[in-house]
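If you want the building blocks of each chain, they are given just below.
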Amino acid sequence: VTGVQTCALPIFILQPDGRILVGGGFTSFNNLSRYGIARLNADGTLDAGFDVGAGVNGSVYAVVLQPDGKVLIAGEFTAFNNITRYRVARLNADGSLDDTFNPGTGPDDTVYAVGLQADGKVVIGGSFRQVNGQYFNNVARLDTNGLVDAAWQPVAGADGNVYAITVQPDGRSLIGGAFRSY
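This report concerns the structure included in the present document. (Residues numbered from 1 in each chain as written. Predicted model: local features only at pLDDT ≥ 70, side-chain atom pairs only at ≥ 80, totals over all residues. Heavy atoms only, no water.)

What about the overall build of the protein chain?
Looking only at helices and strands, the protein chain has zero helices and 18 strands in total. At 16 Å, the protein chain has a C-alpha radius of gyration in line with the 16 Å of a compact globule built from 182 residues. Considering only C-alpha atoms, the protein chain reaches an extent of 45 × 30 × 30 Å along its principal axes. With 182 residues in all, the protein chain has 45% of them scored as buried. Of the contacts formed within the protein chain by residues at least 6 apart in sequence, a portion of 33% connects residues at least 24 apart. Approximately 8,300 Å² of the protein chain is accessible, and the part contributed by carbon and sulfur atoms is 50%. (Helix = DSSP H or I, 4+ residues; strand = E, 2+ residues; numbered from the N terminus. Rg over C-alpha atoms; globule rule 2.2 N^0.38 Å. Buried < 20%, exposed > 50% of the residue type's maximum accessible area, 1.4 Å probe, protein only. Contact = heavy atoms within 4.5 Å. Areas by Shrake-Rupley, 256 points an atom, 1.4 Å probe, with all protein chains shown as cover.)

Here's the deal with the nonpolar core
Grouped burial of nonpolar side chains is what soluble globular proteins tend to show. Of all hydrophobic cores here, the largest spans 16 residues; its most connected members are V114, I124, V131 and L142. Mapped by element, the contributors of at least two residues to this core are strand 7 (60–65), strand 8 (71–75), strand 12 (111–116), strand 13 (122–126) and strand 16 (139–142). Counting residues in each nonpolar core, the second largest holds 15 residues, with F50, V60, F77 and L97 among its members. (Core = buried A, V, L, I, M, F, W, Y, C linked by side-chain atoms within 4.5 Å.)

Considering the pattern of salt bridges
Applying the stated criterion across every chain yields a total of nine salt bridges. Here D47 and R19 are joined by a salt bridge, their closest N and O atoms 3.0 Å apart. Note that D47 is positioned in the loop between strand 6 (37–40) and strand 7 and R19 in the loop between strand 2 (11–14) and strand 3 (20–23), a separation of 28 residues in sequence. Classification of R19 by relative accessible area gives partly exposed; the value is 25%. The shortest N-O distance in the salt bridge between R39 and D47 comes to 2.7 Å. A single burial state applies to R39 and to D47, both of which are buried. Salt bridges sharing partners connect three or more residues here, namely D17, R19, R39 and D47. (Salt bridge = Lys/Arg side-chain N within 4 Å of Asp/Glu carboxyl O.)

Some points on the side chain of Q66
Along the chain, the position of Q66 falls in the loop between strand 7 and strand 8. Looking at Q66, the relative accessible area reads 8%, which means it is buried.

Details of the environment of G104
Topologically, G104 is positioned in the loop between strand 11 (88–91) and strand 12. Separated by 13 residues in the primary sequence, G104 and Q117 place their C-alpha atoms 20 Å from one another. Not counting residues within four places of it along the chain, the set of residues in contact with G104 comprises Y86, N132 and L147.

Quick word on the packing of aromatic side chains
Within the structure shown, the criterion is met by two aromatic pairs. Their ring planes at 35 degrees and their centres at 5.2 Å tell us that Y61 and Y112 sit as a pair that is tilted. In this pair, Y61 is assigned in strand 7 and Y112 in strand 12, connecting sequence segments 51 residues apart. Given a relative accessible area of 19%, Y61 falls into the buried group. Note on Y112 and Y163: the rings are 4.8 Å apart at their centroids and 55 degrees apart in plane angle, and the pair reads as tilted. Here Y163 lies in strand 17 (residues 162–167) and Y112 lies in strand 12, a separation of 51 residues in the sequence. Classification of Y163 by relative accessible area gives partly exposed; the value is 41%. By the ring-pair criterion, three or more aromatic residues cluster together here, those being Y61, Y112 and Y163. (Phe/Tyr/Trp six-rings, centres within 6.5 Å; stacked < 30°, edge-to-face > 60°.)

Points about unusual backbone geometry
Phi angles above zero are rare outside glycine, and N81 is one such case at about 50 degrees. Located in the positive-phi region is N82, a residue other than glycine, with phi close to 65 degrees. Among the structural elements, N82 can be located in the loop between strand 9 (79–80) and strand 10 (83–84). N82 sits in the exposed class, given a relative accessible area of 69%.

Next comes the structure, spelled out in structure tokens:
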């Protein structure tokens, strides 16, 4: 992508309207400050209507567009626009933080993958051991408000990092990564 600087592992999500969400480890786009997340118009120019303010203070490794236009982001950040959000956040369609989604203390390490269920619950995978102080070994599910879904118990979880998640139409999740057992 021309204009992205200091970008590690860029992620591109094409929206139904032709605009493109971009996530990664970048700090600017076309010489304008954009930290970790930006949206481009269909012609490749920066969408000024998607204002993330100070953005994230680390890299974004996963971006998911919800059917309602909100955007889930995950990675190795601990704040979005100077508001504490541990490794998972949801943005409104205009790029502002969605205050109705708050993961609390969230995952204790990096989130690499996000899957969205039809009911709005969020499956996350990464290199974490705990979410909100509860044991979830590299995979967990969050309720629609961002808090950990304690009713979803993956038993021992994955014995290594989870890098990919796909939620099937039946609600079951497929995960992939650097693990040998689950």
